[in-house]
Amino acid sequence: MSKSMDLRHLDTSNPGSWPFPIKMAACVFVGLAIIGIAWYFFVADRRTELEGLVNKEGTLKAEFEDKQGRAANLEPLKQQLAQMELMLQQMLRQLPSKNEMPDLIVDVSQTALASGISNELFQPGAETAKEFYAEKPINLRMVGTYHQFGAFVSGVASLPRVVIMTMHNISLTPRKSKPGLLVLQGTIRTYRYLDEEEIAATPTAKGGKK
């Protein structure tokens, strides 16, 4: 009861007059309060920052390992790319050259005639240069039987040079006036390889030099 009375009658303006046990209790309380405030405003923030840095460290480590793995595979990939480019060049070289293209078009037309096909239209168009090759459209209208068209395709495949023909807007319809005959009409495209000077003059090559 006396302690309760002492606490109620303490002079807050003169802590030096407090009894020693109360002074010690007050000092402990103030110390704990200071530690709590310091923890809340300083240590807790640093702990959150530390957790963020730990997470960032894990992310950076994963990125480093990924890039390290890519760097280790870079040289083999370069070698594979060089081999693929060499294979591409070898394949393109199997296509007709600029000088061979006119004769090759004649050979295709003659192959159609030799197969018994009638060339009602066989009109080569202007070339379009691509990155490594040029394509030449041919507007055509051929008349023949199913077997004659088969012989024509086989004959083109047997030509000395590799001939690639892609069909665009091609239609194959029966000729009503003559049963058994088919009309092949539309546009085919043939391809040839570009020489080094032509490749250097293509827009892609010029853009790369810039």
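The structure displayed is predicted, hence computed values, not measured ones.

About the cut-offs
Residues numbered from 1 in each chain as written. Predicted model: local features only at pLDDT ≥ 70, side-chain atom pairs only at ≥ 80, totals over all residues. Heavy atoms only, no water. Helix = DSSP H or I, 4+ residues; strand = E, 2+ residues; numbered from the N terminus. Polar contact = N/O pair within 3.5 Å; in protein donor to acceptor, adjacent residues only side chain to side chain. Contact = heavy atoms within 4.5 Å. Pairing = 2+ DSSP bridges. Expected span 1.5 Å × (residues − 1). Buried < 20%, exposed > 50% of the residue type's maximum accessible area, 1.4 Å probe, protein only. Arc of directions from axis to C-beta.

**Structural notes on the side chain of arginine 192**
- Following the sequence through the fold, arginine 192 ends up in strand S5 (residues 182-193).
- At 2.8 Å, the side chain of arginine 192 forms a polar contact with the side chain of glutamate 127.
- Every residue in contact with arginine 192, bar those within four places of it in the chain, is listed here: Leu95, Pro96, Ser97, Lys98, Met101, Glu127, Tyr133, Ala134 and Glu198.

**Thoughts on the pairing of strand S3 (residues 133-144)**
- Bridge analysis of strand S1 (residues 118-124) against S3 gives 6 bridges, and the strand direction is antiparallel. The residue bridging proline 124 from the neighbouring strand is isoleucine 138, located in S3.
- Across 2 bridges, the pairing between strand S2 (residues 128-129) and S3 is antiparallel. Each bridged residue has a counterpart across the sheet, and for alanine 129 the counterpart in S3 is alanine 134.

**Re helix H3 (residues 101-114)**
- Here H3 spans 20 Å end to end across 14 residues, near enough to the 20 Å set by a 1.5 Å rise per residue.
- For H3, every residue scored as buried is listed here: Met101, Leu104, Ile105, Val108, Ser109, Thr111 and Ala112. Each buried residue of H3 lies within a common arc of 155° when the element is viewed along its axis, so the set occupies one face. Exposed and facing more than 90 degrees away from the buried side of H3 are Asp103 and Ala114.
- Buried residues belonging to H3 abut S1, S3, helix H4 (146-157), strand S4 (165-174) and S5.
- With its phi angle positive at about 90°, glycine 116 sits one or two positions after the end of H3.

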